[in-house]
Amino acid sequence: MRDDPRLPFSPRFWRSPLRGPWFTSVLGLVLLVGITVLFVTGLASYAAYNPGLSPVNDKTPDKGILGFYLFAWPTHPYWLYRLTQGVHVTLGITLIPVLLAKLWSVVPRLFTLPPARSLAHALERLSLLLLVGGGLFEFVTGVLNVQLDYVFPGSFYPLHFYGAWVFFAAFTAHALLKTPMALRNVRRLREERNVGEEKDVREERDELVSPDPAEPTVSRRGALWSVGGGSLLLFLTTAGRSFDGLRGTALLAPHGGADPATGPNGFQINKTAVYAGIDPVETSEDAWRLVVTGRTGTVRLSRAQLAGLPLHSSALPIACVEGWSTSDQWWRGVRLRDLAALVGHDGDPPDLLVESLQRHGAFRRAALRANQVADPRSLLALYVNGEDLSPDHGHPARIIVPAAPGVLNTKWVARLTFGDL
Ligand SMILES: Nc1nc2c(c(=O)[nH]1)N[C@H]1C(S)=C(S)[C@@H](COP(=O)(O)O)O[C@H]1N2
Ligand SMILES: [Mo]
């Protein structure tokens, strides 16, 4: 099989003159930096959901020691999640061409025969399988989730989270093995015919460089420029999702394009009131009551009574796990810590369980940590940009917390329960 050039097991099957240590190394070093940033911002996003706080927030109850690093997500700077998650999703999409080019550049290796020359070689190939499979899995689940086309069986959160750890373990092993050589390969100015090169580099060349190359149609540098151009194009058609003035440039993603409307409530909507099954009868002035429970019991407040409490304003964005965000909106409402004080939590407010009128769906409830409740900018908002909240933005009242992911900014709030969770 190894000698039949019609089969991919033969080195002669792979004829592109582009393949070689330099090309693979440049792409590999870009991914080394990029994927590390993806991993760190991904772990940050996971922490920002407060999964350790309450089962209500926890999409991965079986995480065990993988939750070792969880920390209380801060409320400063208020644009923190907007930045970390915008970088996570935008960079992930931008790296797709680099990932594909890198896999293409090493594909002959997947077919190397014999499958294992030694135990070490067998282990290395197994780790490559986890690396390639894990990488593709993470990119595919991530893209499907932000495209709102999620088709995997099972929830996105555990798959993307556990997948990330498997992938990153293989990635770390691979990076430790290959980075020193990749750096040498890239520093080497002359790409061809290196006399006196190290043994590992020579072996690398033997596996990657075609023994029977076809005529080149593009130089290695040219090929690299097209990969970079593809990345730039994806970047330019994605990044605008996080900037109001540029949203129209985000052609490839939901929540790109124009805002859904103009005016104070005209900014992006995740799930509409109709989608969430919110019945306008339940949100009317006569029917709706906010039920607040804490140390000293329960109080029920109409919207008019809420509006009669001391009101405060905060300029805060909505920043979604899908990577899009709005610029700061002017929210006005009652401070969460003032509501805590109403039910007996003066001074040091505790954690908070927020429940929505919504009856189905993963985001109808959310737990907020004491530090989020205590922040004076955290509101139960009644107004946005000088107007009543619209039904789609959470009328009669919604949560808004600095630096928190969109999921924690519950809309159509019905019940607040203060107490240590
Ligand atoms: N009750 C309820 N609140 C919710 C959601 C939801 O599905 N149900 N979605 C959350 C998510 S994921 C985001 S990003 C924000 C979006 O707020 P917006 O639609 O006002 O922009 O609302 C949050 N609040
Ligand atoms: Mo979201």
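Refer to the structure presented above.
These numbers come from a predicted model, not from an experiment.

Draft legend 1. Representation of the pattern of salt bridges. A complete count under the given rule lists nine salt bridges for this structure. A salt bridge links K63 to D58, with the nearest nitrogen and oxygen atoms 2.8 Å apart. Taking the shortest distance from any N to any O, the salt bridge between R377 and D375 comes out at 2.8 Å. Three or more residues are tied together by salt bridges with common partners; here these are D244, R247 and D259.

Draft legend 2. The side chain of R241, seen in detail. Summarising the element assignment, R241 is placed in the loop between α7 (220-236) and β1 (290-294). Within the buried core, R241 has no salt-bridge partner, and the shortest N-O distance to an opposite charge, that of E322, equals 5.7 Å.

Draft legend 3. Region of interest: the pairing of strand β4 (residues 329-335). The buried count for β4 comes to five of seven residues, which makes it a mostly enclosed element. Sheet topology places strand β3 (residues 312-316) next to β4; five bridges connect them, and they run antiparallel. Each bridged residue has a counterpart across the sheet, and for S314 the counterpart in β4 is W331. In terms of strand pairing, β4 meets strand β7 (residues 379-384) through five bridges, oriented antiparallel. Residue pairing for β7: W331 is matched across the bridge by V384.

Draft legend 4. Seen up close, the packing of aromatic side chains. Taken as a whole and judged by the stated rule, the model has 18 aromatic pairs. Their ring planes at 20° and their centres at 4.0 Å tell us that Y46 and F161 sit as a pair that is stacked. Note that Y46 is positioned in helix α1 (residues 21-48) and F161 in helix α5 (residues 156-187), a separation of 115 residues in sequence. On the basis of relative accessible area, F161 is assigned to the buried category, the value being 6%. Between F161 and W165 the ring centres are 6.5 Å apart and the planes differ by 80°, which places this aromatic pair in the edge-to-face class. Note that F161 and W165 are positioned in helix α5 at a spacing of four residues, about one turn of the helix. Comparing F161 with W165, the two get one shared label, buried. In textbook terms, an aromatic cluster arises when at least three aromatic residues are bridged by ring pairs, as seen for F39, Y46, F68, Y69, F161, Y162, W165, F167, F168 and F171. Its guanidinium or amino end placed over the ring of W104, R19 lies 4.0 Å from that ring's centre, counting from NZ or CZ.

Reading the values: rules and limits
- Residues numbered from 1 in each chain as written.
- Chains lettered and ligands numbered in written order.
- Predicted model: local features only at pLDDT ≥ 70, side-chain atom pairs only at ≥ 80, totals over all residues.
- Heavy atoms only, no water.
- Salt bridge = Lys/Arg side-chain N within 4 Å of Asp/Glu carboxyl O.
- Helix = DSSP H or I, 4+ residues; strand = E, 2+ residues; numbered from the N terminus.
- Buried < 20%, exposed > 50% of the residue type's maximum accessible area, 1.4 Å probe, protein only.
- Lys, Arg positive; Asp, Glu negative; His and termini not counted.
- Pairing = 2+ DSSP bridges.
- Phe/Tyr/Trp six-rings, centres within 6.5 Å; stacked < 30°, edge-to-face > 60°.
- Lys NZ or Arg CZ within 6 Å of the ring centre and 35° of its normal.

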